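If you want the building blocks of each chain, they are given just below.
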Amino acid sequence: MKYGMVIDLEKCLGCRTCAVACKAHNGQPPGVWWNRVFTPGSKFHQTGVGEYGRMGMYFLPVCCQMCSNAPCVKVCPVGATYYDENGVVLIDYERCIGCRYCMTACPYGVRQFNWQDGKKATEKAHYAHGYSYGWPHKYRDKQGRLVYMPSRPKGVVEKCTFCAQYVNRGEAPACVRSCPANARYFGDLDDPQSEVSRLLTQRGEFRLLEDLGTQPKVYYLPARRSGGERIERI
Amino acid sequence: MKESKAWIVFLGLIVLAGLVAWGFQLKEGMVVTNMRNPFSWGIYIATFAFFVGIAAGGLIVSSSVYIFDLALLKPLARIAKITAFASAMGAAAMVLPDLGRADRVYNLLLHPNFRSPLVWDIIVITGYALVTLVSLYIDVLPDLFKQKSRLAFPVGGKTEDEVLEISRRLSRVAAYVGLPFAILIHTVTAWIFSTQVSRSWWNTAILPPDFISVAVASGTALVILVSLTVKGRETFQQYAGAYRTLASISGAFIIVHFFFMYNDFMLRWWWGAAHEMEPLLIALRDYTWLHLAEVVLPFAAMIMFLHPGTKNSFRGLYAASLILLAGVYAHRFLLMPSSYNSIPLSLPVPGVSGELWAYPIATGVYNPPQDIFVSFWNYVPSGVEVMVTLFPMALVLLVITLGVRYLPGCYESAVKASLKRTDEKTVSY
């Protein structure tokens, strides 16, 4: 089994629901975002770019690209970042020494460091009294490695896990389930009959910074609105 | 000697202050630094790279004595090895405060990932520190033996001549083992950066050779600086030949460094692709003053090291060494901004050709009215970072001070004695 994601940019309406659902379900401390959505080329989200008469825009959600040749896994000096049995890149919160080499290595800027204790950061944000969010239990993978906990310790790196705690129970990641446009698909790339595999043969999919050779398992279907331009390095 | 005691106490206090600052950082988290997710390595790693560089001097000087038959450098070899060992210790000490979880540093031993250049670097730097230490020990062995020190136990029961012979033979071996190690630590430290395909500023084959040239230049300058300080103005003429040789080595390698650096600039500028140009522009446009420092200071030092008027003067060499070290420190700092502030996930702007748009990165800290998502992070080290950096800095100076003070053959009286002995017995090699 090889988990992968397909994001249809033609369907994405840039509402950022995925980013918020992701944040809420995975208890990300204030300032930490596993999922981002922006309007490429534009200073402001949801604002068109280009010359007068030839304006256009599309929205690009970016989470961990789950590379098959992941620079973060290669550089981690202690093997805290690793591939699980389904090719998902995970971080062991108990192993990480916080050297942040992986953040330097990752070309997608998805890795987030806990610059302070998660609980303390949440207190400083002054949310409504008693408000808390995030899956409330620790989650360990099949090898017993701690890859999710509701309250983050300071000094470790975190990022998208493809919602390890849900996928293990046969549910799709929070971003996929919450997308109002159904722009995200999740499934097994090894199975040619899966929805994600079938989508990949149809519309000229591409991956981010493909020329770096990271071989992501997150694929994008181009938006026609942007003229079907490929999002690659010039 | 009284002065040196006050100096040691002073350094001790700075080490202490740095440790207190580190304690504060451990308690509050690394939020007290000015690093953030988009700019995740700062002055700590820059200083680490600086220390690895200046550690080069030791074995280069002492190995040259044997490998390149530069016998005139021998009187400075001991000091050189002490500076090398101290700098390697400084590099090790500098990495620790950069770890978010320094309490788990043992994981490096329990679960090393041998594909990580960081693990290779830990191995070669530890190896280098050991080789330097052993080489230093071999060097001082005859003196320890003469003083009937207990530290000379491996050669107990031998005659003085035999001990001298052993020391000379093993020094040769250490020279041949040491030089490749000295080259390796700079190569591997550069690989930490140059292997990163996402960072165009570092991802070039010129980086390791450039690290070596900067290391030879700055490591040699440190040996000149410490030797001048320890041996004093009175003996300057006695060692003028050695100083001149070291100055020429340093000066020549500054030229090599400039050659490598501008080679890299040239390729970036000529092709002009946005993701290649951007890091260069950041260095020139956003960090103009630091860039001027990294160019002008080493250039001035190069002239001073090569000009007969200054390379034959105590003051000239002293100033040149200090200027070079400052310039190299600026150069090391500039490893970071051009790398982090040209965000790897930069995409074409639809409808506009040749322009790149950087996909914003979450800083990791919610601190209104500061933006959470940024595509440029104006990194300036925080007060805590500066304080913490002082700890390994003072530690290096402390180890050097204690080394030259307590090891025989560094201060002048002892040196004269050993020189005399060298003339009589070992000049034959």
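Note that this is a predicted model, so its numbers are computed, not measured.

Enquirer: Mind showing me how you'd approach the overall build of chain A here?
Expert: Across its full length, chain A holds seven helices and 11 strands. Relative to its length of 234 residues, chain A is compact, with a C-alpha radius of gyration of 18 Å against a globular reference of 17 Å. Seen through its principal axes, chain A has C-alpha atoms that stretch 50 × 40 × 30 Å.

Enquirer: Where do I start with the pairing of strand S10 (residues 184-188) of chain A in this structure?
Expert: Along any regular strand, the residues point their side chains to alternate faces of the sheet. Residues and elements named next belong to chain A. The buried count for S10 comes to four of five residues, which makes it a mostly enclosed element. Two elements, strand S1 (residues 3-8) and S10, share five bridges in a ladder whose sense is antiparallel. Counterpart to Ile7 in the pairing with S10 is Arg184.

Enquirer: Is there a simple way to explain the nonpolar core in this structure?
Expert: Note that soluble globular proteins tend to have their nonpolar side chains buried in a common cluster. If you look at the biggest cluster of nonpolar residues, it comprises 197 residues, and the most contacted ones within it are Ala55 and Tyr128 of chain B. Dropping the residues within four chain positions of it, Tyr128 of chain B is found in contact with Ala55, Ala88, Phe181, Ala182 and Ile185 of chain B.

Enquirer: Hey, could you run me through helix H9 (residues 240-271) of chain B in this one?
Expert: Working note: α-helix, 3.6 residues per turn, so residues spaced by three or four point in the same direction. Look at H9 of chain B: 47 Å from first C-alpha to last across 32 residues, which is about the 46 Å you get at 1.5 Å a residue. Phi turns positive one or two residues past the end of H9 of chain B, at Gly272 of chain B, with a value near 75 degrees.

Enquirer: Hey, could you run me through the interface of chain B and chain A in this one?
Expert: When the parts of a complex come together, some accessible area is lost, and that lost area is often used as the size of the interface. In this complex, chain B contributes 53 residues to the contact, which on the side of chain A involves 54 residues. When residues of the side of chain B that touches chain A are traced back to their parent elements, those giving at least two are helix H5 (107-110), helix H6 (117-146), helix H10 (274-286), strand S1 (346-348), strand S2 (356-358) and strand S3 (361-362) of chain B. Take the side of chain B that touches chain A: its biggest share by element is three residues, from H6 of chain B. Its residues placed into classes, the side of chain B that touches chain A shows 32 nonpolar, 15 polar and six charged.

Enquirer: What should I look at first to understand the pairing of strand S11 (residues 218-221) of chain A in this one?
Expert: Residue and element names in this part refer to chain A. Neither face of S11 is left uncovered, since the one carrying Val218 and Tyr220 and the one carrying Tyr219 and Leu221 both have all their residues buried. In terms of strand pairing, S1 meets S11 through four bridges, oriented parallel. Directly across from Ile7, in S11, lies its bridge partner Tyr220.

Enquirer: How do you make sense of the sheet that holds S11 of chain A when you look at a structure like this?
Expert: Strand pairing in a sheet takes place through backbone hydrogen bonds and is either antiparallel or parallel in direction. Residue and element names in this part refer to chain A. What the three strands build is an open sheet, ordered S10-S1-S11; its pairing is mixed. Each edge of the open sheet is held by one strand with a lone partner, namely S10 and S11. Neighbour to neighbour, the strand axes of the sheet diverge by 20 degrees on average, direction disregarded.

Conventions we followed
Residues numbered from 1 in each chain as written. Chains lettered and ligands numbered in written order. Predicted model: local features only at pLDDT ≥ 70, side-chain atom pairs only at ≥ 80, totals over all residues. Helix = DSSP H or I, 4+ residues; strand = E, 2+ residues; numbered from the N terminus. Rg over C-alpha atoms; globule rule 2.2 N^0.38 Å. Buried ≥ 20, exposed ≤ 12 C-beta atoms within 10 Å, placed from the backbone. Pairing = 2+ DSSP bridges. Core = buried A, V, L, I, M, F, W, Y, C linked by C-beta atoms within 7 Å. Contact = placed C-beta atoms within 7 Å. Expected span 1.5 Å × (residues − 1). Nonpolar A, V, L, I, M, F, W, Y, C, P; charged D, E, K, R; others polar. Axes fitted to C-alpha atoms, helices over the stretch in contact; angles between N-to-C directions.

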